[in-house]
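Geometric and topological summary
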Amino acid sequence: MTSFESVTLEVADLAAANSFYSTAFGLGTQVRLRASEAPTTGFRGFTMSLTVSQPATVKGLIDAALDAGASPLKPVAKSFWGYGGVVRAPDGTIWKVATSAKKDTGPATRQIDEIVLLLGAADVAASKRFYIDRGLAVAKSFGRKYVEFATPSSPVKLALYGRRALAKDAGVSPDGTGSHRLVFGSEAGPFTDPDGFAWETASETASL
């Protein structure tokens, strides 16, 4: 079964991005960073989500991100599914912090239970077939709306969502051009998916 060894965000200022992610979310090696000047505008076609255990942790992480220089996209709020908020990091990456819990069960922590990468697909069914053909196994699938892949050895969970629906969920316009500034490292690579997301060989990504 195909999996991936790394997810790399390409950023204009590597030192600033390292400082932000350490301060805001306490991220270590789960998400890598590398310098890039590739032109990009608007929505990059993906979001990163941090799943946590309770509302107090959501608020703490969102507040830490804002204090570290992130821009608010959706304020922390309750919804029918739980509690969450969305920010844009200084490098342009959109981050959602959420929990399915509606009440706190203890003091706030900085514990992140899961990192989920949602790729915005123009045609979810077509992108699903593309990834299945390259060895990824499907864990969950809801028609043409949402697909989650089984990648148990990967540091980040991978899923597909419609591009317009993903942008709406993040609180941004779906319009965007240029580089996604996102690269997967996997022995299944190199290839580029139907929406332009790049996969490189894991050894090549690790050397950068």
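Above this text sits the structure in question.
Summarised in this report is the structure supplied together with it. This is a predicted model, so every value here is computed, not measured.

Some words on the overall build of the protein
Summing up its helical and strand segments, the protein has 5 helices and 15 strands in all. Here the C-alpha radius of gyration of the protein, 16 Å, is about what a compact globule of 208 residues would show, namely 17 Å. Across the 208 residues of the protein, 49% fall into the buried class. Residue pairs at least 24 apart in sequence account for 65% of intrachain contacts in the protein once pairs closer than 6 positions are excluded. If you sum the accessible surface of the protein, you get close to 9600 Å²; carbon and sulfur atoms cover 53% of it. Looking at the protein, you have 22 positive and 20 negative side-chain charges, and the mean spots of the two groups are 9 Å apart.

Focus: the side chain of R34
Counting through the fold element by element, R34 comes out in strand β2 (residues 32-35). You can call R34 buried: its relative accessible area is 12%. Here E10 takes part through its side chain, which lies 2.8 Å from a polar atom of the side chain of R34.

Let's talk about the sheet that holds strand β15 (residues 198-200)
Across the sheet, which stays open at both edges, the 5 strands sit in the order β2-β1-β13-β15-β14 with mixed pairing between neighbours. Here the strands that pair on one side only, and so sit at the sheet edges, are β2 and β14 (191-192). As judged from the 2 bridges shared by β14 and β15, these two strands associate in the antiparallel manner. Of the residues in β15, the one forming a bridge with T192 is A198.

Thoughts on the pairing of strand β6 (residues 82-88)
Buried residues dominate β6, accounting for 6 of its 7 residues. As paired strands, strand β5 (residues 71-79) and β6 are joined by 6 bridges and run antiparallel to one another. In the strand pairing of β6, A77 is matched with G84. Counted along the chain from β5 to the antiparallel partner β6, the turn is 2 residues long. Here β6 folds back onto strand β7 (residues 94-99) in antiparallel fashion, the turn holding 5 residues, of which G92 has a positive phi close to 105°.

Parameters and conventions
Throughout, residues of each chain are indexed from 1 in the direction in which the sequence is written. Predicted model: local features are reported for residues with pLDDT of at least 70 only, side-chain atom pairs are reported and counted for 80 or more only, and whole-chain, interface and lining totals are derived from all residues. In computing side-chain properties, one takes all heavy atoms of the structure into account and sets aside hydrogens as well as water. Helix and strand definitions here come from DSSP, where helices need a minimum of 4 consecutive H or I residues and strands a minimum of 2 consecutive E residues; each element is numbered from the N-terminal end. The reference for a compact globule is 2.2 Å times residues^0.38; the radius of gyration itself is calculated from the C-alpha atoms. For the exposure calls, accessible area comes from a 1.4 Å probe over protein chains only, and a residue counts as buried if that area is under 20% of its type's maximum, exposed if over 50%, partly exposed in between. Any two residues whose heavy atoms approach within 4.5 Å at even a single point are treated as in contact. In short, Shrake-Rupley with a 1.4 Å probe defines the accessible areas, and a residue's cover is counted only from the protein chains shown. Charged-residue counts in this description rest on Lys and Arg as positive and Asp and Glu as negative, His and the chain ends being excluded. By convention, the point assigned to a charge is CZ for Arg, NZ for Lys, CD for Glu and CG for Asp. Throughout this description, a polar contact denotes any pair of N or O atoms lying within 3.5 Å of each other; where both atoms belong to protein, one of them has to be capable of donating a hydrogen while the other can accept it, and for residues adjacent in sequence the pair is counted only when both atoms sit in side chains. Criterion used throughout: strands pair if DSSP finds at least two bridges between them.

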